[in-house]
Amino acid sequence: MRFEILGSLRITDGEDVITVSAPKMESLLAALLVRADDVVSMDQMCTEIWGDEPPRRATATLHVYVSQLRKLLGRGHQGESPIVTRSPGYVLCLGDSGLDAHEFQRLARQGRAAIRAGRYQEASAACGQALALWRGTVLGEVRGGPIVEEFATWAEETRLECVELRNEAELTLGRHRELVGPLYALVNRHPLIEAFHGQLMLALHRSHRRAEALRVFEHLRVTLDRELGIRPCRQLHEMHRRILADEESRVPAAA
């Protein structure tokens, strides 16, 4: 059995795909999966599902939800559910089951280590595999509390880090022309992330598109000033200066 939360929540078991249609049960399962192999207390589960206004019989309702989830998940465990009672709440024990978020985290660590060691081909491959695990927005339409929201924030930030690391590796390997299109899409989606603008400037400059590289910097400068009242970082100013002077051999790596 494999649990997937880097996209809409689903469970795969061979060719079977299992989903949870009840929103509150889905929120509960999401919290248990985010904290897989750790106890989620009854109070935490109440907050995830109902926020600060739980119903009068919240505890009894939670027990019903857990019972229904146990029946659902028991299908893939020879009738034995991975959800175990453990004071002060419940824990979802993965055992031999997989969780895509754990695999993503492992590959992201590999990518970071490979970049630090200068193994750029390995870094690109690891980050690419990590990003391929994503099927859409974290947990899809699930609306959770602090546990789910904190995980969603971490996952998205780590995803963007993987994108940046893979781009860095690809630029170092001389694949700047292939990166121009994807980097344009990235700066449009993330207009305030300076690293992506720096990588696009570098890719354009190395592709002999100096005027476009300079326009990217100018667009970023105007955007940062309008939105935040700040200027691009020192590294981007230095890159802009060297591109302007056409100092090909001295243009620094992306910020």
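Computed from a prediction, not measured in an experiment: that's the story for all the values here.

1. Some words on the overall build of the chain
Now for step 1: Across its full length, the chain carries ten helices and seven strands.
Now for step 2: Its C-alpha atoms give the chain a radius of gyration of 23 Å, clearly above 18 Å, the size a compact globule of 255 residues would have.
Now for step 3: Its C-alpha atoms put the chain at 70 × 40 × 25 Å along the principal axes.
Now for step 4: Here the chain holds 255 residues, and the buried ones make up 46% of them.
Now for step 5: Here the contacts in the chain between residues at least 6 apart in sequence split such that 62% fall between residues at least 24 apart.

2. Re the packing of helix H2 (residues 42-50) against helix H6 (residues 146-172)
Now for step 1: Running from N to C, H2 and H6 cross one another at 75°; their axes reach a closest spacing of 8 Å. Judged on the interaxial angle alone, H6 and H2 are roughly perpendicular. From H2, Gln44, Thr47 and Glu48 reach across to H6, where they touch Pro146, Ile147 and Val148.
Now for step 2: Residues that form the contact of H2 with H6 fall into these classes: three nonpolar, two polar and one charged.

3. With respect to the packing of aromatic side chains
Now for step 1: Using the criterion set out here, one finds four aromatic pairs in the structure.
Now for step 2: For the ring pair Phe104 and Trp134, a centre distance of 5.6 Å and an interplane angle of 75° mean the geometry is edge-to-face. One end of the pair, Phe104, is in helix H4 (residues 100-116); the other, Trp134, is in the loop between helix H5 (120-132) and H6, and 30 residues separate them in sequence. Just as Phe104 is buried, Trp134 falls in that class too.
Now for step 3: Between Phe151 and Trp154, the ring centres sit 5.7 Å apart and the planes meet at 35°, which makes this aromatic pair tilted. Of this pair, Phe151 and Trp154 both sit in helix H6, separated by three residues, roughly a single helical turn.
Now for step 4: Using a relative accessible area of 9% as the deciding quantity, one classes Phe151 as buried.
Now for step 5: Relative accessible area serves as the criterion here: at 31%, Trp154 is assigned to the partly exposed category.
Now for step 6: The structure contains a cluster of three or more aromatic residues connected by ring pairs, namely Phe104, Trp134, Phe151 and Trp154.
Now for step 7: Above the ring of Trp134, the side-chain terminus of Arg159 is found at 5.7 Å from the ring centroid.

4. Let's talk about helix H7 (residues 176-189)
Now for step 1: When the terminal C-alpha atoms of H7 are compared, their 20 Å separation across 14 residues agrees well with the 20 Å that a helix rising 1.5 Å per residue should span.
Now for step 2: Where H7 bends most, at Pro182, the angle is about 30°.
Now for step 3: Tucked inside the fold, the buried residues of H7 contact H6 and helix H8 (194-206).

5. Here's the deal with the nonpolar core
Now for step 1: The biggest cluster of nonpolar side chains holds 79 residues, and the ones touching the most others in it are Phe3, Leu28, Leu29, Leu92 and Leu139.
Now for step 2: At ten residues, H6 tops the list of elements feeding residues into this core.

6. Quick word on the environment of Asp52
Now for step 1: Summarising the element assignment, Asp52 is placed in the loop between H2 and helix H3 (58-73).
Now for step 2: Residue Asp52 is classed as exposed on the basis of its relative accessible area of 77%.

7. Points about the sheet that holds strand E7 (residues 98-99)
Now for step 1: Here we have four strands laid out as an open sheet, ordered E3-E2-E1-E7, and mixed in their pairing. Looking at the sheet topology across the chains shown, the edges are occupied by strand E3 (16-18) and E7.

8. Observations concerning the sheet that holds strand E5 (residues 83-86)
Now for step 1: Taken together, three strands build an open sheet; the order of strands is E4-E6-E5 and the sheet is antiparallel. With partners counted over all chains shown, the strands left at the sheet margins are strand E4 (40-41) and E5, one partner each.
Now for step 2: The pairing of E4 with strand E6 (residues 89-92) spans two bridges and is classified as antiparallel. Within E6, the position partnered with Ser41 by the bridge is Gly89.
Now for step 3: Docked against the sheet, H3 engages E5 and E6, running at close to 145° with respect to E5.

9. Details of the pattern of salt bridges
Now for step 1: Here the structure, examined in full by the defined rule, presents 13 salt bridges.
Now for step 2: In this structure, the salt-bridge partner of Glu4 is Arg2, at a minimum N-O distance of 3.2 Å.
Now for step 3: On the basis of relative accessibility, which here comes to 9%, the residue Glu4 falls in the buried class.
Now for step 4: Here Glu156 ties to Arg159 by a salt bridge, and the two come within 2.7 Å at their closest N and O atoms. Separated by three residues within a single helix, Glu156 and Arg159 lie in helix H6, roughly one turn from each other.

Thresholds, definitions, all that
- Residues numbered from 1 in each chain as written.
- Predicted model: local features only at pLDDT ≥ 70, side-chain atom pairs only at ≥ 80, totals over all residues.
- Heavy atoms only, no water.
- Helix = DSSP H or I, 4+ residues; strand = E, 2+ residues; numbered from the N terminus.
- Rg over C-alpha atoms; globule rule 2.2 N^0.38 Å.
- Buried < 20%, exposed > 50% of the residue type's maximum accessible area, 1.4 Å probe, protein only.
- Contact = heavy atoms within 4.5 Å.
- Axes fitted to C-alpha atoms, helices over the stretch in contact; angles between N-to-C directions.
- Parallel < 35°, antiparallel > 145°, perpendicular 65-115°, else oblique.
- Nonpolar A, V, L, I, M, F, W, Y, C, P; charged D, E, K, R; others polar.
- Phe/Tyr/Trp six-rings, centres within 6.5 Å; stacked < 30°, edge-to-face > 60°.
- Lys NZ or Arg CZ within 6 Å of the ring centre and 35° of its normal.
- Expected span 1.5 Å × (residues − 1).
- Bend = angle between axes of the 7 residues up to and from the residue.
- Core = buried A, V, L, I, M, F, W, Y, C linked by side-chain atoms within 4.5 Å.
- Pairing = 2+ DSSP bridges.
- Salt bridge = Lys/Arg side-chain N within 4 Å of Asp/Glu carboxyl O.

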